[in-house]
Amino acid sequence: MSGSPKLVPTKYDALVVLIVLALAVALGARYWFAPAREAAEIIVSIGGVEAERLTFDDSEYDYTNNGYTVHVTVRAGSVRVDHADCPTQDCVRTGAISRPGQSIVCLPARIILTIEGAAAPDYDAIAG
Amino acid sequence: MKTKQLTTCAILAALALALSYVEGMFPLPVPLPGFKLGLANIVTLFALYTLGAPPALAILLVRVLLGAMFAGNASALIYSLLGGFCAMLVMIGLSRIHKLSVYGVSVGGAAAHNAGQVAAAMLTLGSATPAVYLPVLLIVAVFSGALTGFVCSLLLGRRLFRLWAK
Ligand SMILES: [Zn+2]
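Residues numbered from 1 in each chain as written. Chains lettered and ligands numbered in written order. Predicted model: local features only at pLDDT ≥ 70, side-chain atom pairs only at ≥ 80, totals over all residues. Heavy atoms only, no water.

Caption draft 1: Inspection of the overall build of chain B at higher detail. For chain B, the count of helices and strands is seven helices and zero strands. When its helices and strands are written in sequence order, chain B yields α-α-α-α-α-α-α. A total of about 7200 Å² of accessible surface is found on chain B, and carbon and sulfur atoms cover 75% of it. (Helix = DSSP H or I, 4+ residues; strand = E, 2+ residues; numbered from the N terminus. Areas by Shrake-Rupley, 256 points an atom, 1.4 Å probe, with all protein chains shown as cover.)

Printed below as a string of structure tokens:
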């Protein structure tokens, strides 16, 4: 489209790389440099809506949405999806999570488990 | 459209399809299904430089639609669609800046590709949660962009470029 393009990196390419990295750091700062907090609650969001808040006691739950069921096991300080009948199984493969801000996503069922810390910042703020 | 250009488009679309199949075997370090590294951007970038924006767009559409059909996965369609379009828009813009080489254009395209995928995940889930993975995906984009830029610089190397651009 623009004749013969440059095929060897220029110093302006480095500028593009710097901008991308700066963006990553700016967006990631709130997760990476956030002070360690204690995991307090598990937020269960179904179809984009917060459905339930769970505390970390030994218990198990089944959530069904979009025709798929995920089986959630909560233990002291951690939560995992034991099994699910979704086709992708990414939620099961994520394994157990335990730190505030971590989440397990089941895309087919549109179910998200997010760990909230004590006095956590609101995560919606990032999306504006 | 001349026959030669049409043939070139078909070959490139097939190549892009093969690439997106191959990259399906290398999942990204995020717990979201359907996220792609963006290797098929090699073809988008190559098509942009040799054929121009409209054929590159047509190749992208064919790749995305056929890819979703072969995978039998409609939810992956929106990822490759949004990711592919964002990458193409940014690369069209950056390729007009003649101080940039294919590497800079490719890295910018890879970053846009991953941002588009995150946006698609946010739309599908109706949640801001996938935004958590954007910083990591942007860092990944620097490396995947450099890789696709390198492959593209080889493809666009003089002899090949003359052969295809005629
Ligand atoms: Zn699942």
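On we go.
Caption draft 2: Region of the structure containing the overall build of chain A. In terms of regular secondary structure, chain A is built from two helices and seven strands. When the elements of chain A are put in sequence order from the N terminus, they spell out α-β-β-β-β-β-α-β-β. Across the 128 residues in chain A, those meeting the buried criterion constitute 33%. Long-range contacts, defined here as pairs at least 24 residues apart, represent 34% of the contacts in chain A between residues at least 6 apart. Just so you have it, chain A exposes about 6900 Å², and 56% of that area is on carbon and sulfur atoms. (Buried < 20%, exposed > 50% of the residue type's maximum accessible area, 1.4 Å probe, protein only. Contact = heavy atoms within 4.5 Å.)

Caption draft 3: How the structure looks around the coordination of the zinc ion. Residues and elements named next belong to chain A. Summarising the metal site, the zinc ion is bound by the protein donors Cys86 (SG), Cys91 (SG) and Cys106 (SG), whose distances to it range over 2.2 Å. Along the chain, the residues that donate to the zinc ion are spaced as C-x4-C-x14-C. Of this pair, cysteine 86 sits in the loop between strand E5 (78–84) and helix H2 (90–93) while cysteine 106 sits in strand E6 (residues 103–106); the two residues are 20 residues apart in sequence, bridging distant segments of the chain. Considered together, cysteine 86 and cysteine 106 belong to a single accessibility category, that of buried residues. (Donors = N, O, S within 2.8 Å, 3.2 Å for Na, K, Ca; no water.)

Caption draft 4: Region of the structure containing a nonpolar patch on the surface. Taken together, the side chains of Leu21, Val25, Trp32 and Phe33 of chain A together with Val136, Ile139 and Phe143 of chain B present a nonpolar region at the surface, about 670 Å² in accessible area. When contributions to the nonpolar patch are tallied by element, the ones reaching two or more residues are helix H1 (11–32) of chain A together with helix H6 (134–155) of chain B. Structurally, phenylalanine 143 of chain B is set in helix H6. (Patch = residues over 30% accessible without salt bridge, like charges linked within 9 Å, V, L, I, M, F, W, Y side chains within 5 Å. Salt bridge = Lys/Arg side-chain N within 4 Å of Asp/Glu carboxyl O.)

Caption draft 5: Just the interface of chain B and chain A, in detail. Contact residues are listed per partner, giving 41 residues for chain B and 38 residues for chain A. Where chain B abuts chain A, roughly 3400 Å² becomes buried across the two surfaces, and 73% of that area is made up of carbon and sulfur atoms. Taken together, chain B and chain A are joined by zero salt bridges. For the side of chain B that touches chain A, the secondary structure elements donating two or more residues are helix H2 (41–50), helix H4 (74–95), helix H5 (102–125) and H6 of chain B. Ranked by residues supplied to the side of chain B that touches chain A, first place goes to H5 of chain B with 10 residues. In terms of residue class, the side of chain B that touches chain A is made up of 27 nonpolar, 12 polar and two charged. (Buried area = accessible area lost by both parts, 1.4 Å probe. Nonpolar A, V, L, I, M, F, W, Y, C, P; charged D, E, K, R; others polar.)

Caption draft 6: Structural context of the nonpolar core. Of all hydrophobic cores here, the largest spans 51 residues; its most connected members are Phe35 and Ile59 of chain B. Where this core is concerned, the elements lending two or more residues are H1 of chain A together with helix H1 (3–23), H2, helix H3 (53–71), H4, H5 and H6 of chain B. A total of 10 residues in this core trace back to one element, the largest contributor, which is H5 of chain B. Contact partners of phenylalanine 35 of chain B, with chain neighbours within four places excluded, come to Leu28, Val30, Tyr79, Gln117, Val118, Ala121 and Leu137 of chain B. Judged by nonpolar contacts, the second largest core, of 20 residues, contains Val79, Ile104, Leu113 and Ile115 of chain A. (Core = buried A, V, L, I, M, F, W, Y, C linked by side-chain atoms within 4.5 Å.)

Caption draft 7: Fine view of the environment of valine 72 of chain A. By secondary structure assignment, the location of valine 72 of chain A is in strand E4 (residues 68–75). Using a relative accessible area of 0% as the deciding quantity, one classes valine 72 of chain A as buried.

Caption draft 8: Structural view of the pattern of salt bridges. All names here are of chain A. As enumerated under the stated definition, the model contains five salt bridges over all chains in all. Arginine 53 is paired through a salt bridge with glutamate 41; the nearest N and O atoms lie 2.7 Å apart. Here the residue arginine 53 occupies a position in strand E2 (residues 49–55), and glutamate 41 occupies one in strand E1 (residues 39–46), the gap between them amounting to 12 residues. Judged by its relative accessible area of 36%, arginine 53 is partly exposed.

Caption draft 9: Molecular detail of the state of the cysteines. All chains considered together, the criterion is met by zero disulfides over all chains. There is no disulfide at cysteine 9 of chain B, and the cysteine sulfur nearest it, in cysteine 152 of chain B, is 15 Å away. (Disulfide = S-S within 2.5 Å.)

Caption draft 10: Focus on unusual backbone geometry. Residues and elements named next belong to chain A. Positive phi outside glycine occurs at asparagine 66, with the angle close to 60°. Along the chain, the position of asparagine 66 falls in the loop between strand E3 (59–65) and E4. Classification of asparagine 66 by relative accessible area gives partly exposed; the value is 48%.

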